[in-house]
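Coordinates in review
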Amino acid sequence: MNSCILINPKGNRIIENWVLQNIKVSGYFKTAIRFSGDRTSNVIMNDIVIDGNNSVNINACYKAGIQIYQGSHDVKISNAHIMNNYGDCGDKYQQGDGIEIDHKKGQTRNIILKNIRIENSGDANFDIKADNVVMENIESFANKKTRLSYKLWGYNNYRCENCSSVGDFSAHFYLNSASIELQDFFYLGPEYTKKIICSKLRGHEASFIRFTNNTGQSMNKESFNFTSCLLYTSPSPRDKRQS
C-alpha cells in the first residue's frame, strides 16, 4: 500500500470543514494521511492511530504518518498516536517523520496539534515549516534510529505547552531560523543528546527561545548549542516590537 488517505492531492479543489475521526492506518509504504493545497482549510482530525510498520519492511525515502502540504491551513489534529515512520533512502540522509508540515507551493499556517504521541521516526517526530503553530500536551519518544524530536523551520510563532521529549535523540529541538515559546517542557535522554540546536537560514533572523514557568531554569545551559540562537526568559525584543 503506497499511501492511504490523500485529500486534495493536486490542491485544485475546495476542501472545507471536513472532520476525520476514529481512523486507524497501518502497513503503508509512503504516507498514511496527506492533504494539500491552499483551498484545503478548516480540517479537524481526531482519534487517529497510525503505525508505519509493514509486513515486507519496504518504505519510501520520504515517509510520514501525516503530511500537510502546499498552503493547507486552519488544521487541528488531536488525540493521535503515530509510530514507526522510517524512510528507506539507502546511504542518503536518514528520513521519515511522524508529522511533516511543509510550505512549498503555499504558506501552510494556523495549525493546532493537541494530545499527540509520536514515537520512532527516522528523521524527526515533528518536522514543521508553518506559520502560527500551537502544540499542546505532546509526547515525543525515540529509540536510537530517531534523529530529532522537534524540527522547526523559518517562522517566529511556534508555541509548545506541556510538551515532552524522551529518548535517544541527537537533539530534543532543532530550530532553523525558527522561534518558539516553551511552557512546561520536560525532557529526558542520554548525556550526549543536545537540548536545543539552532541554525540560521540565509536572509532570515536568528532563532530564539522563550521559556515560561521556569522551564529554562531546569535546563543546563552548558548543554545548549547557541549558534545563531537567542535565549529569553522574559519578552524578547521581537515581542516588544510587535506589541
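Quick notes on the rules
- The numbers attached to residues start from 1 for each chain and follow its sequence in the written order.
- Per-residue local features are limited, in this predicted model, to residues with pLDDT of at least 70; the limit for side-chain atom pairs, both in listing and counting, is 80 or more; totals at the level of whole chains, interfaces and linings are taken over all residues.
- Only hydrogens and water are set aside when side-chain values are computed; all heavy atoms of the structure are taken into account.
- We count a stretch as a helix when DSSP gives it H or I for four or more residues in a row; a strand needs E for two or more, and each element gets its number in order from the N terminus.
- When a residue's accessible area, from a 1.4 Å probe over protein chains only, is under 20% of the maximum for its type it is buried; when over 50% it is exposed; and in between it is partly exposed.
- In this tally Asp and Glu are treated as negative and Lys and Arg as positive; neither His nor the chain ends contributes.
- Take a side-chain nitrogen of Lys or Arg and a carboxyl oxygen of Asp or Glu: if they are within 4 Å of each other, that pair is a salt bridge.
- Pairs of N or O atoms are called polar contacts if they sit within 3.5 Å, as long as, within protein, a hydrogen donor faces a hydrogen acceptor (for residues adjacent in sequence, only side-chain-to-side-chain pairs).
- Pairing of aromatic rings covers Phe, Tyr and Trp, the last through its six-membered ring, and needs centres within 6.5 Å; plane angles under 30 degrees mean stacked, over 60 mean edge-to-face, and all others mean tilted.
- Here, a charge over a ring means that NZ of Lys or CZ of Arg falls within 6 Å of the ring centre while also lying within 35 degrees of the ring normal.
- By this definition, two strands are paired if DSSP reports at least two bridges between them.
- Working convention: axes come from line fits to C-alpha atoms, limited for helices to the stretch in contact. Angles between N-to-C directions cover 0 to 180 degrees.

Our focus in this paragraph is the side chain of Lys 63. If you trace the backbone, Lys 63 turns up in the loop between strand E4 (40-51) and strand E5 (64-69). For Lys 63, which is buried and forms no salt bridge, the nearest opposite charge comes from Asp 51, at a distance of 7.5 Å. Within the local environment of Lys 63, its side chain forms a polar contact with the backbone oxygen of Tyr 28, the two atoms lying 3.1 Å apart.

Attention shifts here to the pattern of salt bridges. On inspection of all chains with the given rule, the structure shows seven salt bridges. With a shortest N-O distance of 2.8 Å, Arg 147 and Asp 123 are connected by a salt bridge. Residue Arg 147 is found in the loop between strand E10 (131-142) and strand E11 (148-153), and its partner Asp 123 is found in the loop between strand E8 (109-121) and strand E9 (124-128); the two are separated by 24 residues along the sequence. You can call Arg 147 partly exposed: its relative accessible area is 24%.

Attention now goes to the packing of aromatic side chains. Taken as a whole and assessed by the stated rule, the structure comprises five aromatic pairs. Taking the centre distance of 4.6 Å and the plane angle of 10 degrees together, the rings of Tyr 150 and Phe 173 count as stacked. Remark: Phe 173 occurs in strand E13 (residues 171-176) and Tyr 150 occurs in strand E11; sequence separation between them is 23 residues. The two residues Tyr 150 and Phe 173 agree in class, both being buried. An aromatic cluster is built from Phe 126, Tyr 150, Phe 173, Phe 185 and Tyr 187, whose rings are joined through pairwise contacts. Over the ring of Phe 141 we find Arg 117, and its NZ or CZ is 4.1 Å from the ring centre. For Lys 129, the ring lying beneath its charged end belongs to Trp 153, and the centroid distance is 4.5 Å.

This part is about the sheet that holds E5. Strand order in the open sheet formed by eight strands is E1-E3-E5-E7-E9-E11-E13-E16, with parallel pairing between adjacent strands. What marks the edges here is a single partner per strand, and that holds for strand E1 (3-7) and strand E16 (194-199). Strand-to-strand, the axes of this sheet are offset by a mean angle of 5 degrees, without reference to chain direction. The pairing of strand E7 (residues 97-101) with E9 spans four bridges and is classified as parallel. What sits directly across from Ile 99, in E9, is Phe 126.

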